[in-house]
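# Architecture and fold: a report
Chain residues, written in single-letter form:
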Amino acid sequence: MKIKRRETRKVYYGAVQVGGGSPVSIQSMSTRKAADSGAVLNELASLAAAGCEIARVAVKDQRDAEAINKICSESPIPVVADVHFNYRLAVLAAGNGAAGLRINPGNIGGAEKVRKVAAAAAEAGIPVRVGVNSGSLEKDLAPLYRKAPARALCQSAVRAKELMEDTGFGDLVFSIKSSDPMINLESNRLFAADNDYPLHIGVTEAGPALSGAVRSAASLALLLCEGIGDTLRISLSADPVEEVVAAAALLSALGLREDIPRVVSCPTCGRCHIDVQGIAAEVERRVLSAGKGITVAVMGCEVNGPGEAAEADVGIAGTAAGAVLFRKGRKLGPVSGDLLQALLAEIDKLG
Ligand code: SF4
């Protein structure tokens, strides 16, 4: 099944296009304070190696806004400055090289300040993501939220849109996030029905790594299957690299990114001969950073392994004597010793 994407306008975060038919891009966010630019840059390098394409950094004060300059000049991926409450920090970050801004117009201090942020973004030639979140909804929308939460969130986003459109600035991306996957789903559907701005999708406060990824996928997979979503973040209480791995797996599973590698691995059982869990985790890390759109299989035994992973480009299956390598379900030959290295060498041969 080929998913038909919603037609949206396009914006650019540095060289990364969002919307306008571009591939759904993967985002994450640094967990470090921007003023600690070395720590942020280390984290951004790990995120980029895992396949993150746009990263957000929180800007809370003047020191953070000044550090954006160094972070953006040395980051391997475009950096978005995330600013709340203080429009001056957004203006400063835009002038300091941020590839984009993320604001909530409802908390930036009124129409005049929103106008100043828009003017700074226009001068820097960068987009602004307008983020609406169930945790920071306007007070007057609370009664509607109790009755129809998705409509209230959508209405908040429409208000923010009108505020931004009044400034004459059009390089906008919208996000509407709820921690409830189904409210998240419905509010994005409502907004997408009447607007062609690109959408950044994600379930906010989704939870710890595994359960958070599943809660996110419950909402995001449905949106993506309906063609909604131009860029996404899977927000987890975990190492942000896990967010990137989860987002990559979701896009790959839906056939939306054929350039993302996939690791097929068995759950193991009493027939298992090798460390499937350890090899699969390491191979996934390596192929994600290599950016090869390949499928690699790691299977515990040769009884069912190659057959179960027949579609894999290359794979390994445990045997009593070590393992066998296989390609597209066909055995290549036995290997022993460092099985991970043997598999990686075979992956390298794929070019
Ligand atoms: S591949 Fe072998 S070890 Fe893995 S689950 Fe299947 S039968 Fe068990």
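Rules of the game
Residues numbered from 1 in each chain as written. Predicted model: local features only at pLDDT ≥ 70, side-chain atom pairs only at ≥ 80, totals over all residues. Heavy atoms only, no water. Helix = DSSP H or I, 4+ residues; strand = E, 2+ residues; numbered from the N terminus. Rg over C-alpha atoms; globule rule 2.2 N^0.38 Å. Buried < 20%, exposed > 50% of the residue type's maximum accessible area, 1.4 Å probe, protein only. Contact = heavy atoms within 4.5 Å. Areas by Shrake-Rupley, 256 points an atom, 1.4 Å probe, with all protein chains shown as cover. Near = heavy atom within 4 Å. Nonpolar A, V, L, I, M, F, W, Y, C, P; charged D, E, K, R; others polar. Pairing = 2+ DSSP bridges. Axes fitted to C-alpha atoms, helices over the stretch in contact; angles between N-to-C directions. Salt bridge = Lys/Arg side-chain N within 4 Å of Asp/Glu carboxyl O. Disulfide = S-S within 2.5 Å. 1 Å grid on protein atoms, 1.4 Å probe; cavity = no way out; pocket = protein on both sides within 12 Å on 5 of 7 lines; lining within 4 Å. Points joined across faces, edges and corners; volume = space filled by probe spheres on them. Domains from an automatic or database assignment. Buried area = accessible area lost by both parts, 1.4 Å probe. Polar contact = N/O pair within 3.5 Å; in protein donor to acceptor, adjacent residues only side chain to side chain.

Let's shift gears to the overall build of the chain. For the chain, the count of helices and strands is 12 helices and 15 strands. A compact globule built from 351 residues would reach a C-alpha radius of gyration of about 20 Å, and the chain, at 22 Å, matches this within 12%. Projected onto its principal axes, the C-alpha coordinates of the chain cover approximately 70 × 45 × 30 Å. Counting all 351 residues of the chain, 55% fall into the buried class. Partitioning the contacts of the chain with sequence separation of at least 6, the portion at a separation of at least 24 is 64%. Summed over all atoms, the accessible surface of the chain reaches about 15,100 Å², with 51% contributed by carbon and sulfur.

Let's shift gears to the site of the ligand. What surrounds the ligand is the set C266, T268, C269, R271, C272, G300, C301, N304, G305 and E308. Across the shell around the ligand, the residue classes break down as four nonpolar, four polar and two charged.

Our next topic: unusual backbone geometry. Phi is positive for F85, close to 70°, though the residue is something other than glycine. With respect to the helices, strands and loops of the structure, F85 is situated in the loop between β5 (79–83) and α3 (87–95). A relative accessible area of 63% places F85 in the exposed class. Here T268, not a glycine, exhibits a phi torsion of approximately 70°, which is positive. Within the fold, T268 resides in the loop between β11 (262–265) and α10 (276–290).

In space, the five strands of this open sheet follow the order β11-β12-β13-β14-β15, with mixed pairing throughout. In this open sheet, the two strands that pair with only one neighbour each are β11 and β15 (330–335). Neighbouring strand axes in the sheet, compared pairwise and without regard to direction, differ in orientation by 20° on average. Bridge count between strand β12 (residues 295–299) and strand β13 (residues 314–319): four bridges; the pairing is parallel.

Counting across every chain of the model gives 24 salt bridges. In this structure, K70 engages E74 in a salt bridge whose closest nitrogen and oxygen atoms are separated by 2.9 Å. Of this pair, K70 and E74 both sit in helix α2 (residues 62–74), four residues apart, roughly one helical turn. For the salt bridge of R159 with E138, the shortest nitrogen-to-oxygen distance reads 3.5 Å. Residue R159 is found in helix α6 (residues 149–166), and its partner E138 is found in the loop between β7 (128–133) and α5 (142–147); the two are separated by 21 residues along the sequence. Judged by relative accessible area, which is 30%, R159 ranks as partly exposed. E138 gets classed as partly exposed once you look at its relative accessible area, which sits at 21%.

Attention shifts here to the state of the cysteines. All told, the structure shown has zero disulfides when counted by the stated rule. This cysteine, C72, is not joined by any disulfide, and C52 carries the nearest cysteine sulfur, 13 Å off.

What follows concerns the layout of surface pockets. Considered as a void within the structure, the largest pocket measures approximately 740 Å³ in volume. In terms of lining residues, the largest pocket is bounded by 30 residues, among which E242, V245, A246, A249 and E284 are the most central. Broken down by secondary-structure element, the contributors of at least two residues to the lining of the largest pocket are α1 (37–50), α8 (209–225), α9 (240–253), β11 and α10. Examining the composition of the lining of the largest pocket, we find that nine residues originate from one element, α9, more than from any other. For the lining of the largest pocket, a count of residues per class yields 22 nonpolar, three polar and five charged. The residue makeup of the lining of the largest pocket includes at least three contributed by each of domain 1 (10–253) and domain 2 (262–348).

Time to look at the domain arrangement of the chain. By a widely used convention, the size of an interface equals the accessible area lost when the partners come together. Taken domain by domain, the chain holds domain 1 (10–253) and domain 2 (262–348). Here domain 1 and domain 2 have C-alpha centroids that lie 37 Å from each other. Counting residues at the interface gives five residues for domain 1 and four residues for domain 2. Of the roughly 330 Å² buried between domain 1 and domain 2, counting both surfaces, carbon and sulfur atoms make up 64%. If you sort the residues of domain 1 by the area they bury against domain 2, A49, A50 and V245 come out on top, with a joint share of 72%. Linking domain 1 with domain 2 are zero salt bridges. Along the contact surface separating domain 1 from domain 2 lie zero residue pairs in polar contact (both at pLDDT 80 or more). Elements supplying a minimum of two residues to the side of domain 1 that touches domain 2: α1 and α9. Sorting elements by how many residues they give to the side of domain 1 that touches domain 2 places α9 first, with three residues. In terms of residue class, the side of domain 1 that touches domain 2 is built from four nonpolar, one polar and no charged.

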